[in-house]
Protein chains: 2
Amino acid sequence: MNGADRLCDVLLANGIDVCFANPGTSEMHFVAALDRKPEMRCVLGLFEGVVTAAADGYARMADKPAATLLHLGPGLANGLANLHNARRARTPMVNIVGDHATYHLPLDAPLTSDIESLARPMSHWVGRVDGPEDVASKAGEAIVQAVTKPGASTLILPADAAWGEAASAPVTPVALPPPPRVPAERMREASAALRSGGKIALILGGKAMRADTLDLAGKIAARTGAALFSERAARSQRGAGRVAVRPVPYNVDLAVETFREFGTAICIGGRPPVAFFAYPGKPGRILLDRCAVIELAGPEHDLHAVLAHLCDEVGAHRATARVEAQTARNLAAPKGALDPVAISAALARALPEGAIICEESITSAGNLAALAPTMAPHDHLPLTGGSIGIGIPLSVGAAVAAPGRKVVTLQADGSGMYTVQGLWTQAREKLDVLTIVFSNRGYSILKGEMRNVGVNEFGRNARRMLEIDDPALDWCSLARGMGVEAARAETADEFVRLLDAGLARTGPFLIEAMV
Amino acid sequence: MNGADRLCDVLLANGIDVCFANPGTSEMHFVAALDRKPEMRCVLGLFEGVVTAAADGYARMADKPAATLLHLGPGLANGLANLHNARRARTPMVNIVGDHATYHLPLDAPLTSDIESLARPMSHWVGRVDGPEDVASKAGEAIVQAVTKPGASTLILPADAAWGEAASAPVTPVALPPPPRVPAERMREASAALRSGGKIALILGGKAMRADTLDLAGKIAARTGAALFSERAARSQRGAGRVAVRPVPYNVDLAVETFREFGTAICIGGRPPVAFFAYPGKPGRILLDRCAVIELAGPEHDLHAVLAHLCDEVGAHRATARVEAQTARNLAAPKGALDPVAISAALARALPEGAIICEESITSAGNLAALAPTMAPHDHLPLTGGSIGIGIPLSVGAAVAAPGRKVVTLQADGSGMYTVQGLWTQAREKLDVLTIVFSNRGYSILKGEMRNVGVNEFGRNARRMLEIDDPALDWCSLARGMGVEAARAETADEFVRLLDAGLARTGPFLIEAMV
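Residues numbered from 1 in each chain as written. Chains lettered and ligands numbered in written order. Predicted model: local features only at pLDDT ≥ 70, side-chain atom pairs only at ≥ 80, totals over all residues.

Secondary structure summary: chain A contains 20 helices and 18 strands in total. Scaling as 2.2 N^0.38, a compact globule of 515 residues should have a C-alpha radius of gyration of about 24 Å, and chain A matches this with 24 Å. Seen through its principal axes, chain A has C-alpha atoms that stretch 65 × 60 × 45 Å. In chain A, of all internal contacts separated by at least 6 residues, the share reaching a separation of at least 24 is 81%. (Helix = DSSP H or I, 4+ residues; strand = E, 2+ residues; numbered from the N terminus. Rg over C-alpha atoms; globule rule 2.2 N^0.38 Å. Contact = placed C-beta atoms within 7 Å.)

Structural data, given as structure tokens:
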């Protein structure tokens, strides 16, 4: 067997049986090897930003990594923006990036580039296969690193390592070390703070946002009065019957005001909040200096165990976490003009149980976050790293990972254009994804940010960079061009009707919401 | 004034008056500064791969750099693949990449990343502005480096350097050093080789491919019997009345065979050819070991002066370069089935004088290269670095640089999807671009490469990665979705009719050629 076959075997032996791909010539031996493994599901993206975001969405839902297959430096480069988001989501992922044969690199052929330099900023681990005999160990290391960090491993596979002969040896799953233990001293510190009667904020992230672990956080909150917060967690299980967590506001002043009352912040899977951007004269850290910060546990820890231990320490195991009933279904259907508030109300009442919301609504979220605790239980996958163009392809991966569950993508139009090619993969794979495009025809968030820097009257150049209304995008035409059925809603009534139709059917559908 | 205003002044003082942009929050002060400079033309791309390729196309035609404006690491990352192509084209370009305020970086806010690590592989120069007072000198250095290397300069502009107060000082154009001189010894070596009577290949690139310089090469060829070659030169002036240059074949065996007869290769703006990819058992260098290589001059030299000097040395100034007459216009219009050969014949006869061809036809080029010397004189801008997704946005930049000239984009469908968003900018800017999409619904080049690695029967996984026919892309629908009129040609007759219509009108139009 050759190195490429061996790599497939290692991936499959470790349960990595989905490969999101856009290959090139230097990966042809790997493609041939994948072709010999029908148990590997290969999903093509027509652009690498689709590939990496799909792998992100997949792992968030499957709780295991997918592989990606990318073509040399430029193929990796095209996937980096969504790899950045995956890095911030702490998503496990194994990127296979082909490279020229080792002896070909010194010739500086046209597609040669410094892949390591490109990969490092957005990867948690980067490695290069030395030769066919090195494939199994490097691939194993890539998987261990991806799962335990957790994060993206990028493994560079030179063509001659792929095509060279590798000894045929049995492949066994890699041994995964247990998660590290949180130092007892830090645990005691957190417990003492929670028992102190002070105002405590628990900042949750990662797997602390899963329903069963959130329930523990909810018990602690009920017992101690601690407040629960989260910020762009990769996957939040939310809705009726689940413990609600407040998002950290994006607006700096509002965020600072929100946290002003707290004397201690305990981070469990989350990080101390910071301003998304710097603004002249505004703070970067959201927590005041007088707020003590205990960074208790990160994504590498067993967060369920950490919260269970804290429950014990504060005597909360018999407390009852506060949750809402499923009242959103009783909301009146919105009427009249279509705007983000009407859309979020319509969605809140109609969302089916077990749905997955992939959200990149940017300024068009309406009041969905406020309604969420009263909606049917669902999973929420947001934009984690601020790099726009995640929504459409994230839903591809989520749908591949969770067949039988409805995926709803809330997609701003400006960011949607970044990876619009993902609609084609939805059609190709017949994925059950309903995409709602908020067509406001501008980079609305930037118009707000221009006002933040003191510019209220936009001249021609500013308008030419912040408005995308001339010409207007026709999202229905774009979707149909990629094999996805689509319809436009101009009023709330039309939207409700299309939403009901879109949720009732199976397979991809797009609603262009004129907001 | 603030640092952002100062940056605009430096760009404008140096004749950089076009900025291809997709800004974000950290660049709002720069956007506000651009808004105060109506003499700067700001062109929005809906994705950064459009932005960088447009800047590439612009500089190839304008012979001066454009600026790009990119948002942080992810915005740069999205532009890297086409920056890779620009790097291989040796295109001068000044990328302005915003970054967080310097004091905000240690907080590791969500959009923070190592911009330098991302920029270096695809840039010829990378710099970071230290503060508002440093803007003018760093911007000046970026411009000098871009013009003299030539290549892409990437200048990182922290938000606080943009918004901080900079002393208002007069801005003067940067002093550009004269091009370096080719060592006399190397000149003598090349002259001696040309006078030796041996079989000589001149490998031309860069500005040696402009009509007036090519004429000198043609005289040398006429006088000495040297053969003229070029490989993916950024801009070739070709057609009737101009000296024709043979392309280096992509196929390795064919390329090696082509050069077997030569005892010496003299590189003037070009490089010794190497195989695009490595293949088991095939050579990487195209030239045989016994072929002497003289790397006479690179893109940093004055190639016209170098060829003029060689002309003198070999007594070729009175020789007559061999050129073809404009016979392609007499070709019969193709009939019947539509295929790449029919398309290239139709284009060869109809192309107007002074047109600009942006070519990313990959496997669908037909016999356009063979017909080129008999076509109306035109400029040819190819894919230079092998990173797909350049054609549509390259034409954006070429059209902005050369108003009044018809731009024809020859675009393969698989690679066209990479930066399909560029069609919107064509519509927004009302650019005179005719796009011909070769709709073969597969990555045809990869199917050939799979056969090269010995796989002739494709299984499900290979087909799922190499075919893009399910669902079929509807390019007319995609184009209309972005405001570009479009029509489909199923037969050669239909294509001829649409081509004539597309060339007769002004403004963007797309023909989906079903090949």
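So much for the structure itself; the text now carries on.
Looking now at the domain arrangement of chain A. Residue and element names in this part refer to chain A. By the assigned domains, chain A splits into domain 1 (3-163), domain 2 (184-314) and domain 3 (328-514). One C-alpha centre belongs to domain 1, the other to domain 3; they are set 30 Å apart. Listed as interface residues are 24 residues of domain 1 and, on the opposing side, 26 residues of domain 3. Contributions of two or more residues to the side of domain 1 that touches domain 3 are made by strand E2 (41-44), helix H3 (48-62) and helix H4 (72-89). (Domains from an automatic or database assignment.)

On to the environment of Gly197 of chain B. Looking at where Gly197 of chain B falls in the secondary structure, it is placed in the loop between helix H8 (184-195) and strand E7 (200-204). With 27 residues separating them in the primary sequence, Gly197 of chain B and Thr224 of chain B have C-alpha atoms 7.1 Å apart.

Moving on, we get to the confidence of the model for chain A. In this model, chain A carries a mean pLDDT of 97, and residues with pLDDT of at least 70 account for 100%. The complex prediction reports pTM at 0.98, with the ipTM value standing at 0.98. (pLDDT = per-residue confidence, 0-100.)

Now for the interface of chain B and chain A. The partner chain A presents 84 residues to the 84 residues of chain B that form the contact. Per-element tally for the side of chain B that touches chain A: the top contributor is helix H4 (residues 72-89) of chain B, with eight residues. Of the residues in the side of chain B that touches chain A, the class split is 49 nonpolar, 21 polar and 14 charged. (Nonpolar A, V, L, I, M, F, W, Y, C, P; charged D, E, K, R; others polar.)

Superposing chain B onto chain A takes a rotation of 180° plus a shift of 0.0 Å along the axis, which leaves an RMSD of 0.0 Å. Between the two chains, the operation in question is that of a two-fold axis. The overlap is high: 100% of the interface residues of chain B also sit at the interface in chain A, so the same surface is used on both sides. (Least-squares fit on C-alpha atoms with pLDDT ≥ 70 in both.)

This brings us to helix H9 (residues 211-224) of chain A. All names here are of chain A. Counted at 1.5 Å a residue, the expected span for H9 with its 14 residues is 20 Å, and the 20 Å between its end C-alpha atoms agrees. For H9, a buried count of 11 out of 14 residues is recorded, marking the element as mostly surrounded by other parts of the structure. All buried positions along H9 are accounted for by Thr213, Leu214, Asp215, Leu216, Ala217, Gly218, Lys219, Ile220, Ala221, Arg223 and Thr224. Elements that come into contact with the buried residues of H9 comprise helix H8 (184-195), strand E7 (200-204), strand E8 (227-230), strand E9 (236-238) and helix H11 (303-314). Just beyond H9, the residue with positive phi is Gly225, at close to 80°. (Expected span 1.5 Å × (residues − 1). Buried ≥ 20, exposed ≤ 12 C-beta atoms within 10 Å, placed from the backbone.)

When a strand is regular, its side chains alternate between the sheet's two faces. Residue and element names in this part refer to chain B. Relative to strand E6 (residues 152-158), strand E5 (residues 125-128) runs parallel, the two being bridged by four bridges. When the bridges of E6 are listed, Gly127 appears paired with Leu155. As for the winding sense of the linkage, the β-α-β connection from E5 through helix H6 (residues 135-148) to E6 is right-handed. (Pairing = 2+ DSSP bridges. Right-handed = clockwise from strand over helix to strand, strands pointing away.)

Right, let's get into the sheet that holds strand E10 (residues 246-247) of chain B. All names here are of chain B. Strand order in the open sheet made by the five strands is E10-E8-E7-E11-E12, with parallel pairing throughout. The open sheet has two free edges, formed respectively by E10 and strand E12 (292-297), since each of these has just one partner strand. Alignment of strand E11 (residues 264-268) against E12, held across five bridges, turns out to be parallel. Looking at E12, one finds that Thr264 is bridged to Ala292.

On to the sheet that holds strand E14 (residues 378-382) of chain B, then. Residues and elements named next belong to chain B. Across the sheet, seven strands lie side by side as E9-E14-E13-E15-E16-E18-E17; this open sheet has mixed pairing. A single partner strand is all that each edge strand has here, and the edge strands are strand E9 (236-238) and strand E17 (485-489). Going across the sheet, the axis of each strand differs from the next one's by a mean of 20°, ignoring polarity. In this sheet, strand E16 (residues 433-439) lies alongside strand E15 (residues 407-412) in parallel orientation, the contact comprising six bridges. (Axes fitted to C-alpha atoms, helices over the stretch in contact; angles between N-to-C directions.)

Attention shifts here to the nonpolar core. Core analysis: the largest hydrophobic core is formed by 392 residues, its most contacted members being Phe495 of chain A together with Phe495 of chain B. When residues no more than four places from it in sequence are discounted, the contact partners of Phe495 of chain A are Leu338, Ala342, Ile343, Ala346, Ala489, Ile511 and Ala513 of chain A. (Core = buried A, V, L, I, M, F, W, Y, C linked by C-beta atoms within 7 Å.)

What follows is about unusual backbone geometry. Residue Pro471 of chain A is reached from Asp470 of chain A by a cis peptide bond, and omega for that bond is 0°. With respect to the helices and strands, the residue Pro471 of chain A is situated in the loop between helix H18 (460-466) and helix H19 (475-481). The step from Lys149 of chain B to Pro150 of chain B runs through a cis peptide bond, and the omega angle for that step is -25°. Positive phi, close to 60°, is recorded for Leu72 of chain B, a residue that is not glycine.

Attention shifts here to the packing of helix H1 (residues 3-13) of chain A against helix H2 (residues 28-35) of chain A. Helices that pack against each other are described as a pair by the angle of their axes relative to one another and the distance between those axes. Residue and element names in this part refer to chain A. Put simply, H1 and H2 touch, their axes get as near as 8 Å, and they point 50° apart. Relative to H2, the element H1 lies oblique. Crossing of H1 against H2: the hand is right-handed. On the side of H1, the interface is formed by Ala4, Asp5, Leu7 and Cys8, while H2 contributes His29, Phe30, Ala32, Ala33 and Leu34. Grouping the amino acids of the contact of H1 with H2 by side-chain chemistry returns seven nonpolar, one polar and one charged. (Parallel < 35°, antiparallel > 145°, perpendicular 65-115°, else oblique. Left-handed = near helix turned anticlockwise from the far one by under 90°.)

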